[in-house]
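Chain and residue survey
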Amino acid sequence: MSAILSRLRRFAAPVLPERLRAERPVVPVVRLQGAIGVGGGPFRPSITLASAAPLLERAFATPNAKEVALIVNSPGGSPAQSHLIFKRIRQLSAEKEIGVTVFVEDVAASGGYMIACAGDEIVADPSSIVGSIGVVSAGFGFDRAIEKLGVERRLHASGANKAILDPFSPEKPEDVERLKEIQREIHEHFIALVKERRGGALGGDPDLFTGAFWTASTGLGLGLVDRIGDLRSTLRERWGEKVDIRPITARAPLLRRLSGRGEGVGVGSFGAGLADEALASLEARALWSRFGL
């Protein structure tokens, strides 16, 4: 509808009064909220490339868009999903020749900060949490528990490393070293990405790439953010009081909208769906709680 109105306005411009000729500047806004690649239930949404890409593509295709604004509120999660989303944002920005401003809400940490680095400018509230440029893996060891319960672990694998870090088997030093090697590689990639995007803005704090995190007030001096502010004030200052701040939201499939149903789960998978949701919620909760949220 907005595209049709825009074309009609241009067609009628020669006969319209001056005050009606000018098109209002438009800034589409995409909210990226939740743990990345973790969760995905109705009460604790997650961010993935599959969920974010359609919104990003619609935002960059918005007629008369002056820039694209992204609201990031994420404690991190999957490094791969974080990087894929980062790349898609940068690809669309280059293809459409439209700038990107990222606005941080509660937190943009770890993978959330990687996504924030896709912005040409990062704006945050003074109390926002930013940083945590590092890699972490967490899990549980149940081998002693099943031993006390009298449970026999039966594990059959083809390949010496196929069952590496099995939570029901004793931890092996060589398995831990292999995991740390992978973490080091991912961490080095993360550091290179931040340096490429933030470059000259970064300060020389020795803790910058240790996984430490800060409020945006401190992060401003470290070069992790560009300014302190909020979305509405920043966009009005940049594009005028009449800027059209346009949220880009997900579209539910037609049949689901007509039936009034949400995502839901199949009848045969109800129990499994609840169990998966509970585990995913615990994992997402652990990510958020690292930052006191």
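Above: the structure in question.
So, here is what we can say about the structure in this document.

Definitions and limits used
Residues numbered from 1 in each chain as written. Predicted model: local features only at pLDDT ≥ 70, side-chain atom pairs only at ≥ 80, totals over all residues. Heavy atoms only, no water. Helix = DSSP H or I, 4+ residues; strand = E, 2+ residues; numbered from the N terminus. Expected span 1.5 Å × (residues − 1). Buried < 20%, exposed > 50% of the residue type's maximum accessible area, 1.4 Å probe, protein only. Contact = heavy atoms within 4.5 Å. Core = buried A, V, L, I, M, F, W, Y, C linked by side-chain atoms within 4.5 Å.

Another aspect to go through is helix 7 (residues 173-198). Taking 1.5 Å per residue, 26 residues should reach 38 Å; helix 7 reaches 37 Å between its end C-alpha atoms and fits that length. Taken together, the buried positions of helix 7 are Asp175, Gln183, Phe190, Ile191, Leu193, Val194 and Arg198. Residues of helix 7 that are buried in the fold lie against helix 4 (79-96), helix 5 (111-116) and strand 6 (121-124). Backbone geometry just downstream of helix 7 places Gly199 in the positive-phi region, at approximately 30°.

Note that Cys117 resides in the loop between helix 5 and strand 6. Here Cys117 is in contact with Phe86, Ile122, Leu193, Val194, Arg197 and Arg198, once residues within four sequence places are set aside.

For Asn64, which is not glycine, the phi torsion reads 65° and is therefore positive. For Asn64, a relative accessible area of 29% gives the class partly exposed. One non-glycine residue, Ser132, lies in positive phi territory at about 60°. With respect to the helices and strands, the residue Ser132 is situated in the loop between strand 7 (129-131) and helix 6 (143-148). Under the relative-accessibility criterion, Ser132 is labelled buried at 4%.

What follows covers the nonpolar core. The biggest cluster of nonpolar side chains holds 45 residues, and the ones touching the most others in it are Val30, Leu70, Ile89, Tyr113, Ile133, Val194 and Leu224. Considering each element in turn, this core owes the most residues, 5 residues, to helix 3 (residues 49-60). Here Leu70 is in contact with Val30, Leu56, Ile89, Val100, Thr101, Val102 and Phe103, once residues within four sequence places are set aside. If you look at the next biggest cluster of nonpolar residues, it comprises 10 residues, including Ile71, Phe103, Leu231 and Leu235.

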